[in-house]
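In case you want the letters, here they are:
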Amino acid sequence: MSVMKNRAVLRWLVPVTAGVAVIGGGAAVGTFAAGADPALPPRSAAQLLEDLRTSRLDGLSGTVVQRADLGLPPIAALAGQATGNDLAGLVSGTHTLRVWYGGEDRQRLALVDTLGEQDIVRNGRDVWTWNSRENTATHRKLPADAPDRATVPATPADAADRALEAIDPTTAVTVGRTATVAGRDAYELVLTPRDKASLVHQVRIALDAKEHVPLRLQVLADGQDEPAFQVAFTQVDFRTPEADQFRFNPPPGVKVTEATEGERPGPAGERFEKKDAEKPDVRTVGTGWTTVVVAKIGDAATGVGAKPGADAPDAQMLAGVLGDLPKVSGDWGSGRLLSGKLFSVLLTDDGRVIAGLVTPERLYEAAKG
């Protein structure tokens, strides 16, 4: 497969020629930074983007370390408890994962901690999730038209694919210094939002000099010297893993839940079916780095869409944390604000959730609409 899965970004590319200075009508393209490691030949930003577009990845395995310091309260961990999925906690702290990729329909992700292991295994249309701590597993059969894109940005390539979607004339694209990641030489592609309303200062993507695969992605928040989010290989092997790596055999005594289309697994193997009428009304405002998502989900005062009188302990816990968020108000209405280094979330009293990688002021503007 091509590492750069998102084809929308390609409309901003121009033919790679000497002296290229512009991508799409305004995004600046820098050349290889002076003083960088001379072991690698110079490459322009346009050339590195073309390397990404044309690269092929047949398989890999490796160890990935993900670090996140978003300056948020422990809501992510609570959300993971409420959904029965500790993988939701990947948005905070430091985590080590083992990954295997054997093609567009064969992937495996293992999150290992001191208390156990959680795996997500895809083999064709079969997807298994397994929790060794609880000795439970969920099996899901994907529809024939299921997308190949991973739902969790577990590798630098997954995260880079999302970052590259934001490339447009509002993005300055330059080349940073070379680096060594997981023992391999790499170029660094730097994306810098032009709009000052974005809380993202830079996204830095280290590309393997030979395979052109992202080995590391760092996101720096505005005014911060250290990455607020980083995902990087510490060890990587570009050979295709054996087929056995993608076959899941439930261990003895494991409780298996069969999830059907339209259902999602819940805590302790319970299943919840979300009817179309209950799905949130979602729209977006703006483009690129300052895109704001607006969702109508219910009465924020009752716990972000939770029905009044909900007695689930996890729902009560989450509602309690949200109730401690600062109150804000303006000509747009009133609500509560969750703000971190990289993004802001506004929960309005009329039941809307408005979020983006932007300053709170940009959320207030969207709330007027």
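Please read all numbers here as calculations on a predicted model, not as lab measurements.

Q: Provide a residue-level description of the overall build of the protein, including the pertinent values.
A: If you tally the helices and strands in the protein, you get five helices and 23 strands. Within the protein, residue pairs in contact and separated by at least 24 positions form 55% of the contacts whose partners lie at least 6 positions apart. Surface summary for the protein: the accessible area is close to 18,300 Å², and the carbon and sulfur share equals 52%.

Q: Before we move on, could you go through the pairing of strand E22 (residues 344-348) and cite the residues and values that matter?
A: A large share of E22 lies buried, amounting to five of its five residues. What you see with E22 is no split at all: Ser344, Leu346 and Thr348 on one side and Val345 and Leu347 on the other are buried throughout. With five bridges joining them, strand E21 (residues 333-339) and E22 adopt antiparallel strand pairing. Its bridge partner being in E22, Ser339 is matched across the sheet by Ser344. Once E21 ends, the chain turns through four residues before running back antiparallel as E22. With four bridges joining them, E22 and strand E23 (residues 352-356) adopt antiparallel strand pairing. Its bridge partner being in E23, Ser344 is matched across the sheet by Gly356.

Q: Help me get a handle on the pairing of strand E4 (residues 93-101), residues and values and all.
A: When strand E3 (residues 60-68) meets E4, the two strands line up antiparallel, connected through nine bridges. The partner of Leu60 across the bridge, within E4, is Tyr101. In this structure, E4 lies alongside strand E5 (residues 106-113), joined through five bridges in antiparallel fashion. Of the residues in E5, the one forming a bridge with Leu97 is Leu111. Taken together, E4 and the strand that follows it, E5, pair antiparallel across an intervening segment of four residues, in which Gly103 is found at a positive phi of about 135°.

Q: Can you break down the sheet that holds strand E20 (residues 327-330) residue by residue, with the values?
A: The strand order across the open sheet formed by six strands is E18-E19-E23-E22-E21-E20, and the pairing between neighbours is antiparallel. Strands at the two margins of the open sheet, each flanked by one partner only, are strand E18 (281-285) and E20. Recorded for the sheet is a direction-independent mean angle of 25° between the axes of neighbouring strands.

Q: Give me the packing of aromatic side chains: which residues, what numbers.
A: Taken as a whole and judged by the stated rule, the model has three aromatic pairs. On the basis of an interplanar angle of 50° and a centroid distance of 6.2 Å, the ring pair of Trp130 and Phe248 is categorised as tilted. In this pair, Trp130 sits in strand E7 (residues 126-131) while Phe248 sits in the loop between strand E14 (229-237) and strand E15 (255-259), placing the two residues 118 residues apart along the sequence. Taking relative accessible area as the criterion, Trp130 reaches 18% and is therefore assigned buried. Centroid distance Trp332 to Tyr364: 5.3 Å. Interplanar angle 10°. Geometry classified as stacked.

Q: Outline the pattern of salt bridges, listing residues and values.
A: Scanning the entire structure with this criterion turns up 13 salt bridges. Note that Lys368 and Asp331 form a salt bridge whose closest N and O atoms lie 3.4 Å from each other. Here Lys368, found in the segment after helix H5 (360-367), pairs with Asp331, found in the loop between E20 and E21; they are 37 residues apart in sequence, far enough to count as distant. Across this residue pair, the class does not change: Lys368 and Asp331 are exposed. Residue Arg352 pairs with Asp350 through a salt bridge whose shortest N-O separation is 3.2 Å. By relative accessible area, Arg352 is classed as buried at 11%. Among the residues examined, Asp350 registers a relative accessible area of 39% and is labelled partly exposed. Salt bridges sharing common partners tie together Asp195, Arg362 and Glu365.

Q: Residue-level account of the environment of Arg177, with values.
A: The topology assignment puts Arg177 in the loop between strand E9 (171-175) and strand E10 (179-181). Residues Arg177 and Ala206, spaced 29 residues apart in sequence, show a C-alpha to C-alpha distance of 9.3 Å.

Q: Please set out unusual backbone geometry residue by residue, giving values where relevant.
A: Even without glycine at this site, Ala182 takes up a positive phi of about 55°. Mapped onto the elements, Ala182 comes out in the loop between E10 and strand E11 (184-193). In this structure Ala182 comes out as partly exposed when scored by relative accessible area, which is 25%. Phi angles above zero are rare outside glycine, and His212 is one such case at about 60°. Topologically, His212 is positioned in the loop between strand E12 (200-208) and strand E13 (214-221). Overall, His212 belongs to the partly exposed group, its relative accessible area being 24%.

Q: How would you sum up the nonpolar core? Please name residues and give values.
A: One finds Leu189, Leu191, Val203, Ile205, Leu217 and Leu342 to be the most contacted residues of the largest nonpolar core, which totals 45 residues. Among the elements that take part in this core, E12 stands out by supplying five residues, more than any other. What Leu217 contacts, discounting residues up to four positions off in sequence, is Pro156, Ala159, Ala160, Ala163, Val203, Arg204, Ile205, Phe229, Gln230 and Val231. Formed by 12 residues, the second largest nonpolar core is a distinct cluster that contains Leu346, Val358, Tyr364 and Ala366.

Q: Quick one: what's the story with the confidence of the model for the protein, residue by residue and with numbers?
A: Residue-level pLDDT values for the protein average 76, and 69% of them are 70 or greater. Residue range residues 1-36 is modelled with pLDDT below 50. Its contacts to residues more than four positions away, or to other chains, number 97 contacts. Note that residues 300-311 has pLDDT below 50 and, in this model, 16 contacts with residues that lie over four places away or in other chains.

About the cut-offs
Residues numbered from 1 in each chain as written. Predicted model: local features only at pLDDT ≥ 70, side-chain atom pairs only at ≥ 80, totals over all residues. Heavy atoms only, no water. Helix = DSSP H or I, 4+ residues; strand = E, 2+ residues; numbered from the N terminus. Contact = heavy atoms within 4.5 Å. Areas by Shrake-Rupley, 256 points an atom, 1.4 Å probe, with all protein chains shown as cover. Buried < 20%, exposed > 50% of the residue type's maximum accessible area, 1.4 Å probe, protein only. Pairing = 2+ DSSP bridges. Axes fitted to C-alpha atoms, helices over the stretch in contact; angles between N-to-C directions. Phe/Tyr/Trp six-rings, centres within 6.5 Å; stacked < 30°, edge-to-face > 60°. Salt bridge = Lys/Arg side-chain N within 4 Å of Asp/Glu carboxyl O. Core = buried A, V, L, I, M, F, W, Y, C linked by side-chain atoms within 4.5 Å. pLDDT = per-residue confidence, 0-100.

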